[in-house]
Amino acid sequence: MKKHLNIDLNSLPDEGKVYSGELDPSLFNLETKQKSEAPSAAEPLFYDLHVQRFDDELLVRGSLSVPIEFTCVRCLSRYIKTITVEDCAISSEVTSSQIDLAEQIREEIVVLFPDYPHCDEGDTEKECILDSRYLAVDKPLDADVKTPPRDEAPNPWDALDAFGDDADKTS
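Residues numbered from 1 in each chain as written. Predicted model: local features only at pLDDT ≥ 70, side-chain atom pairs only at ≥ 80, totals over all residues. Heavy atoms only, no water.

Draft legend 1. Geometry of the overall build of the protein chain. Broken down by element type, the protein chain carries 2 helices and 7 strands. Burial statistics for the protein chain: of 171 residues in total, 29% are counted as buried. For the protein chain, the proportion of contacts with a sequence separation of at least 24, taken over those separated by at least 6, is 60%. Carbon together with sulfur atoms contributes 49% to the accessible area of the protein chain, which is approximately 12,000 Å² in total. (Helix = DSSP H or I, 4+ residues; strand = E, 2+ residues; numbered from the N terminus. Buried < 20%, exposed > 50% of the residue type's maximum accessible area, 1.4 Å probe, protein only. Contact = heavy atoms within 4.5 Å. Areas by Shrake-Rupley, 256 points an atom, 1.4 Å probe, with all protein chains shown as cover.)

Here it is in C-alpha coordinates:
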(Lines give C-alpha, C1' and ligand atoms only; values in the text may rest on other atoms or scores of the structure.)
Protein backbone atom coordinates (compact mmCIF):
# COMPACT_ATOMS: atom_id res chain seq x y z
CA MET A 1 0.00 0.00 0.00
CA LYS A 2 1.25 3.46 -0.89
CA LYS A 3 2.59 5.87 1.71
CA HIS A 4 3.02 8.71 -0.78
CA LEU A 5 0.91 10.29 -3.49
CA ASN A 6 3.54 11.53 -5.93
CA ILE A 7 2.37 13.70 -8.80
CA ASP A 8 4.72 13.84 -11.80
CA LEU A 9 4.13 17.29 -13.28
CA ASN A 10 5.97 16.39 -16.51
CA SER A 11 3.31 13.81 -17.38
CA LEU A 12 0.31 15.73 -16.00
CA PRO A 13 -2.02 16.73 -18.88
CA ASP A 14 -3.12 20.38 -19.18
CA GLU A 15 -6.74 19.46 -18.39
CA GLY A 16 -5.61 17.64 -15.25
CA LYS A 17 -5.89 14.04 -14.13
CA VAL A 18 -8.00 12.05 -11.67
CA TYR A 19 -6.20 10.11 -8.95
CA SER A 20 -8.12 7.54 -6.89
CA GLY A 21 -6.87 5.00 -4.40
CA GLU A 22 -5.74 4.35 -0.85
CA LEU A 23 -2.93 5.63 1.31
CA ASP A 24 -1.36 3.56 4.08
CA PRO A 25 -2.86 4.17 7.56
CA SER A 26 0.66 4.64 8.96
CA LEU A 27 0.43 8.12 7.40
CA PHE A 28 -1.29 9.18 10.67
CA ASN A 29 1.48 8.30 13.12
CA LEU A 30 0.38 10.49 16.00
CA GLU A 31 2.60 10.58 19.06
CA THR A 32 1.11 10.90 22.56
CA LYS A 33 2.37 10.06 26.02
CA GLN A 34 0.13 7.00 26.15
CA LYS A 35 -0.09 5.09 22.89
CA SER A 36 -3.40 3.48 23.93
CA GLU A 37 -5.06 6.92 23.89
CA ALA A 38 -3.60 8.10 20.58
CA PRO A 39 -5.94 8.43 17.61
CA SER A 40 -5.04 5.94 14.90
CA ALA A 41 -6.31 5.09 11.44
CA ALA A 42 -8.43 1.95 11.54
CA GLU A 43 -8.27 1.50 7.75
CA PRO A 44 -6.50 3.12 4.79
CA LEU A 45 -7.26 6.68 3.71
CA PHE A 46 -9.42 6.69 0.58
CA TYR A 47 -9.01 9.52 -1.93
CA ASP A 48 -10.64 10.57 -5.17
CA LEU A 49 -8.88 13.70 -6.43
CA HIS A 50 -8.65 15.80 -9.58
CA VAL A 51 -5.19 17.35 -9.93
CA GLN A 52 -4.50 20.22 -12.32
CA ARG A 53 -1.59 22.60 -12.82
CA PHE A 54 -2.02 26.35 -13.32
CA ASP A 55 1.37 27.96 -14.06
CA ASP A 56 3.25 27.77 -10.72
CA GLU A 57 0.33 26.35 -8.75
CA LEU A 58 -1.06 22.84 -8.36
CA LEU A 59 -4.77 22.66 -7.56
CA VAL A 60 -6.12 19.48 -5.98
CA ARG A 61 -9.88 19.02 -5.55
CA GLY A 62 -11.92 15.99 -4.53
CA SER A 63 -12.90 13.86 -1.57
CA LEU A 64 -11.06 12.15 1.27
CA SER A 65 -12.27 9.61 3.82
CA VAL A 66 -10.65 7.59 6.61
CA PRO A 67 -12.02 5.78 9.70
CA ILE A 68 -10.09 6.90 12.79
CA GLU A 69 -10.07 5.19 16.17
CA PHE A 70 -10.36 7.66 19.06
CA THR A 71 -10.49 7.38 22.86
CA CYS A 72 -13.58 8.89 24.49
CA VAL A 73 -12.66 11.65 26.94
CA ARG A 74 -15.58 10.74 29.23
CA CYS A 75 -15.44 6.96 29.60
CA LEU A 76 -12.03 6.19 28.02
CA SER A 77 -13.46 3.57 25.64
CA ARG A 78 -12.15 3.26 22.09
CA TYR A 79 -14.49 3.94 19.16
CA ILE A 80 -14.31 4.59 15.41
CA LYS A 81 -15.40 7.77 13.67
CA THR A 82 -15.01 8.24 9.92
CA ILE A 83 -13.53 11.61 9.00
CA THR A 84 -14.74 12.67 5.55
CA VAL A 85 -13.84 15.72 3.46
CA GLU A 86 -16.33 15.95 0.57
CA ASP A 87 -15.05 19.17 -1.04
CA CYS A 88 -11.32 19.04 -0.42
CA ALA A 89 -9.35 21.84 -2.04
CA ILE A 90 -5.57 21.99 -1.75
CA SER A 91 -3.39 24.55 -3.46
CA SER A 92 0.32 23.90 -3.62
CA GLU A 93 3.17 25.92 -5.08
CA VAL A 94 5.06 24.10 -7.80
CA THR A 95 8.71 23.94 -6.75
CA SER A 96 9.85 20.78 -8.55
CA SER A 97 8.71 18.32 -11.18
CA GLN A 98 7.53 15.84 -8.51
CA ILE A 99 5.14 16.76 -5.69
CA ASP A 100 4.10 14.44 -2.85
CA LEU A 101 0.55 15.30 -1.69
CA ALA A 102 0.43 12.77 1.18
CA GLU A 103 1.38 15.26 3.92
CA GLN A 104 -1.12 17.88 2.73
CA ILE A 105 -3.87 15.25 2.55
CA ARG A 106 -2.97 14.13 6.07
CA GLU A 107 -3.27 17.73 7.32
CA GLU A 108 -6.74 18.07 5.74
CA ILE A 109 -7.91 15.10 7.82
CA VAL A 110 -6.09 15.87 11.10
CA VAL A 111 -7.58 19.38 11.39
CA LEU A 112 -11.01 17.73 11.50
CA PHE A 113 -10.21 15.54 14.50
CA PRO A 114 -12.57 16.35 17.38
CA ASP A 115 -11.06 18.40 20.22
CA TYR A 116 -12.89 16.32 22.83
CA PRO A 117 -13.82 12.98 21.26
CA HIS A 118 -17.00 11.38 22.64
CA CYS A 119 -17.93 7.76 21.88
CA ASP A 120 -21.58 8.68 21.33
CA GLU A 121 -20.46 10.63 18.21
CA GLY A 122 -18.85 7.60 16.54
CA ASP A 123 -19.93 5.68 13.44
CA THR A 124 -21.92 3.17 15.48
CA GLU A 125 -24.39 4.42 18.05
CA LYS A 126 -23.08 3.82 21.54
CA GLU A 127 -24.09 5.03 24.97
CA CYS A 128 -21.31 6.74 26.87
CA ILE A 129 -21.30 5.14 30.33
CA LEU A 130 -19.30 7.01 32.95
CA ASP A 131 -17.58 5.35 35.86
CA SER A 132 -19.67 6.26 38.93
CA ARG A 133 -16.65 7.13 41.06
CA TYR A 134 -16.11 10.22 38.90
CA LEU A 135 -19.61 11.45 39.72
CA ALA A 136 -19.12 11.38 43.52
CA VAL A 137 -18.01 15.00 43.87
CA ASP A 138 -21.46 16.62 43.95
CA LYS A 139 -23.55 13.71 45.26
CA PRO A 140 -25.25 13.76 48.67
CA LEU A 141 -23.61 11.66 51.38
CA ASP A 142 -26.47 9.15 51.46
CA ALA A 143 -26.18 8.43 47.70
CA ASP A 144 -24.87 5.02 46.71
CA VAL A 145 -21.84 6.45 44.91
CA LYS A 146 -18.34 5.56 45.99
CA THR A 147 -15.95 8.42 46.61
CA PRO A 148 -12.69 8.10 44.68
CA PRO A 149 -9.59 7.56 46.80
CA ARG A 150 -7.71 10.70 47.79
CA ASP A 151 -4.12 11.23 46.81
CA GLU A 152 -1.73 10.64 49.68
CA ALA A 153 0.59 13.39 48.45
CA PRO A 154 1.10 16.34 50.81
CA ASN A 155 -1.21 19.28 50.27
CA PRO A 156 0.81 22.42 49.42
CA TRP A 157 -1.88 24.58 51.06
CA ASP A 158 -1.31 23.00 54.49
CA ALA A 159 1.73 25.24 55.06
CA LEU A 160 -0.36 28.37 54.43
CA ASP A 161 -3.15 27.09 56.69
CA ALA A 162 -0.60 26.53 59.46
CA PHE A 163 0.74 30.05 58.88
CA GLY A 164 -2.78 31.46 59.27
CA ASP A 165 -3.25 29.55 62.56
CA ASP A 166 -0.02 31.01 64.01
CA ALA A 167 -1.09 34.53 63.04
CA ASP A 168 -4.41 34.10 64.86
CA LYS A 169 -2.59 33.10 68.09
CA THR A 170 -0.38 36.21 68.15
CA SER A 171 -3.22 38.72 67.81
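There's more to say after this.
Draft legend 2. Broad picture of helix α1 (residues 102-110). Burial in α1 covers these residues: Ala102, Ile105, Arg106 and Ile109. Down the axis of α1, the buried side of the element spans an arc of 100°, and every buried residue falls inside it. Considering only its buried residues, α1 is in contact with β2 (17-23), β4 (45-54), β5 (57-71), β6 (78-93) and β7 (98-100). (Arc of directions from axis to C-beta.)

Draft legend 3. Here's a closer look at the pairing of β4. Of the pairings in the sheet, the one linking β2 to β4 comprises 7 bridges and is antiparallel in character. Note that in β4 the partner of Tyr19 across the bridge is Leu49. Pairing of β4 with β5 involves 9 bridges; the strand directions are antiparallel. Within the sheet, the bridge partner assigned to Gln52 lies in β5 and is Leu59. Counted along the chain from β4 to the antiparallel partner β5, the turn is 2 residues long, and its residue Asp55 has a positive phi close to 50°. (Pairing = 2+ DSSP bridges.)

Draft legend 4. Seen up close, the environment of Leu76. The topology assignment puts Leu76 in the loop between β5 and β6. Leu76 gets classed as exposed once you look at its relative accessible area, which sits at 56%. For the pair Leu76 and Cys128, spaced 52 residues apart in sequence, the C-alpha to C-alpha distance is 9.4 Å.

Draft legend 5. Representation of the packing of aromatic side chains in the model. Throughout the structure, instances matching the rule amount to 2 aromatic pairs. Seen in terms of ring centroids, Phe70 and Tyr79 are 6.0 Å apart; in terms of plane orientation they differ by 35°. Their pairing is tilted. Each member of the pair, Phe70 together with Tyr79, is buried. Geometrically, the ring pair formed by Phe70 and Phe113 is edge-to-face, given 5.2 Å between the ring centres and 85° between the ring planes. Placement of Phe70 in strand β5 and of Phe113 in the loop between α1 and α2 (158-170) is noted, with a sequence separation of 43 residues between them. Of the two residues examined, Phe70 and Phe113, each falls in the buried class. (Phe/Tyr/Trp six-rings, centres within 6.5 Å; stacked < 30°, edge-to-face > 60°.)

Draft legend 6. Inspection of the side chain of His118 at higher detail. Its location among the elements puts His118 in the loop between α1 and α2. Polar contacts involving the side chain of His118 include one to the main-chain carbonyl oxygen of Tyr116, which spans 3.1 Å. Residues contacting His118, with those up to four places away along its chain left out, are Cys72, Val73, Arg74 and Tyr79. (Polar contact = N/O pair within 3.5 Å; in protein donor to acceptor, adjacent residues only side chain to side chain.)

Draft legend 7. Molecular detail of the pattern of salt bridges. Counting across every chain of the model gives 4 salt bridges. Of the charged contacts in the structure, one is a salt bridge between Arg74 and Asp120, with a shortest N-O distance of 3.5 Å. Here Asp120 lies in the loop between α1 and α2 and Arg74 lies in the loop between β5 and β6, a separation of 46 residues in the sequence. A salt bridge links Glu107 to Arg106; the nearest nitrogen and oxygen atoms lie 4.0 Å apart. In this structure Glu107 comes out as partly exposed when scored by relative accessible area, which is 41%. For Arg106, a relative accessible area of 13% puts it in the buried group. (Salt bridge = Lys/Arg side-chain N within 4 Å of Asp/Glu carboxyl O.)

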